[in-house]
Amino acid sequence: MNCHLLVSDLFWPASAGNEPYNGLVLPALETLLARGRGVRTAGASLERWLAAKYDLSDGLPLAPFSLRGDGGEPGQDCWMRADPVHLKLHGDRLVLADASRLAVTPDEAREFVAALNSHFAGEGISFIAPSPSRWYLRTANAPRLRTTPTAEAAGRNVEELLPDGEDGARWRKIINEAQMLLHQHASNDARERRGQLGVNSVWLWGPGRDRSLPAPYDALWADHPLATGLAAAGGGAARPLPASGDLLGEPRRGGTQLVVLPLPATAYGDLADWRDAVATLERTWIAPLLSGLRHAALESLTLHGLGPDYGYTSNLSGRDRLRFWRVRRPLHAYAA
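Residues numbered from 1 in each chain as written. Predicted model: local features only at pLDDT ≥ 70, side-chain atom pairs only at ≥ 80, totals over all residues. Heavy atoms only, no water.

Caption draft 1: Molecular detail of the overall build of the chain. Along the chain, the regular secondary structure elements total 9 helices and 12 strands. For the chain, whose C-alpha radius of gyration is 21 Å, the value lies close to the compact-globule estimate of 20 Å for 336 residues. For the chain, the spread of C-alpha atoms along the principal axes amounts to about 65 × 45 × 35 Å. The buried share of the chain, taken over its 336 residues, is 53%. For the chain, restricting intrachain contacts to residue pairs at least 6 apart in sequence, the fraction spanning at least 24 positions comes to 74%. (Helix = DSSP H or I, 4+ residues; strand = E, 2+ residues; numbered from the N terminus. Rg over C-alpha atoms; globule rule 2.2 N^0.38 Å. Buried < 20%, exposed > 50% of the residue type's maximum accessible area, 1.4 Å probe, protein only. Contact = heavy atoms within 4.5 Å.)

Caption draft 2: View of unusual backbone geometry. For D55, which is not glycine, the phi torsion reads 55 degrees and is therefore positive. Tracing the backbone through its elements, the reader meets D55 in the loop between helix 2 (46–53) and helix 3 (63–69). By relative accessible area, which is 58% here, D55 ends up exposed.

Caption draft 3: Representation of the pattern of salt bridges. On inspection of all chains with the given rule, the structure shows 14 salt bridges. A salt bridge links E108 to R194, with the nearest nitrogen and oxygen atoms 2.9 Å apart. One end of the pair, E108, is in helix 4 (residues 106–119); the other, R194, is in the loop between helix 7 (186–193) and strand 7 (201–208), with 86 residues separating them in the sequence. Among the ionic pairs, R146 bridges to D164, the shortest N-O distance being 3.1 Å. On the criterion of sequence distance, the pair formed by R146 in the loop between strand 6 (134–139) and helix 5 (150–153) and D164 in the loop between helix 5 and helix 6 (168–183) is long-range, its members being 18 residues apart. Look at the salt bridges and you will find they share partners, linking E108, R191 and R194 into a network. (Salt bridge = Lys/Arg side-chain N within 4 Å of Asp/Glu carboxyl O.)

Caption draft 4: Representation of the sheet that holds strand 11 (residues 300–305) within the structure. With respect to topology, 7 strands assemble into an open sheet ordered 2-12-11-1-10-8-9, the strand pairing being mixed. If you trace the sheet from one side to the other, it starts and ends with strand 2 (37–42) and strand 9 (237–239), each paired once. Here the average twist between neighbouring strands, direction ignored, is 15 degrees. For strand 2 and strand 12 (residues 310–317), the ladder comprises 6 bridges, and the chain directions are antiparallel. Within strand 12, the residue paired with A42 across the bridge is Y310. (Pairing = 2+ DSSP bridges. Axes fitted to C-alpha atoms, helices over the stretch in contact; angles between N-to-C directions.)

Caption draft 5: Geometry of the packing of aromatic side chains. All told, the structure shown has 6 aromatic pairs when counted by the stated rule. Both rings, one in Y21 and one in W274, keep their centres 5.7 Å apart while their planes meet at 80 degrees; by these two values the pair is edge-to-face. One end of the pair, Y21, is in the loop between strand 1 (2–7) and helix 1 (27–35); the other, W274, is in helix 9 (residues 271–294), and 253 residues separate them in sequence. By relative accessible area, Y21 is classed as buried at 4%. Judged by its relative accessible area of 0%, W274 falls in the buried class. Geometrically, the ring pair formed by Y312 and Y334 is edge-to-face, given 5.0 Å between the ring centres and 65 degrees between the ring planes. Residue Y312 is found in strand 12, and its partner Y334 is found in the segment after strand 12; the two are separated by 22 residues along the sequence. Note on accessibility: Y312 and Y334 belong to one class, buried. (Phe/Tyr/Trp six-rings, centres within 6.5 Å; stacked < 30°, edge-to-face > 60°.)

Caption draft 6: Seen up close, the pairing of strand 3 (residues 78–90). For strand 3, the buried fraction is high: 10 of the 13 residues fall into the buried class. The sheet contact formed by strand 3 and strand 6 spans 4 bridges and is antiparallel. Across the sheet, residue M80 finds its bridge partner in strand 6, namely L137. Sheet topology note: the strand 3/strand 7 ladder contains 6 bridges and is antiparallel. Bridge pairing in strand 7 links V85 to S201. Pairing of strand 3 with strand 4 (residues 93–97) involves 5 bridges; the strand directions are antiparallel. Across the sheet, the residue bridging to H90 is R93, located in strand 4.

Any link to function would need more than the numbers given here.
Next comes the structure, spelled out in structure tokens:
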């Protein structure tokens, strides 16, 4: 088996310097990086990396595949993600907080979506919420738009990231109307009384239609709906993420397999959560898979480490693991 690990947010923004990495003890990860055949890569989100692998970089038409992963049937309509978000003015910046900061309940999601559907019934669009944190918009006609995934807009000034393109003006107007509607919604009044951020906007991105895709991997392991939806559209096996890398090294596994392992987003500066997740990645994934490489259960192990400003890919074969002269370096050495 050739195993690929896709780890989003392994690297912090360049402006963070070395501080996030100080004191991390990661012998297995450092071995993989040092002895593997590595190359620096451009910054990328998980969404943008997956789009490139499935030949969807042009326009990022990812919403119908994410809907598949959420258990929906895209049919022939065009879909967009319409994620619940909170927008807040910080000085002259309008900063986005995504659903990970909102804890939207299923009941709230149903109420918000019902209000949106009632308001926009005459526009030929409708909303659904198969997950409280991931909403979708359906429209018969494909909009001509350039959009930015919510994960890339999180924690940033969104003024320059709003939908653009030939139909941009119409969809920015729809976003503005949605903001006014949500601002006045009774569920947001209740959230504010509880000290929670309000759901005061939707973030539109990823417009496209369902279609067949290439299958770059024989199997994909993930709990991420976009990843599993892409695998299903490509005809590959989509499997739930196991508890650790031990299961992937079993002899019956074969072919080229992708494991999707998102780390906590660095956009909000939650350093303690991120460091805990990196320690778990080391213990439950990197170390067991390196052991599998030593015992010939794996033919190769490839790490695709992502970050907003840069990334690093390292491919380690059974032969490469014997390159003992390659001195281990700390993770921040690959973040320069």
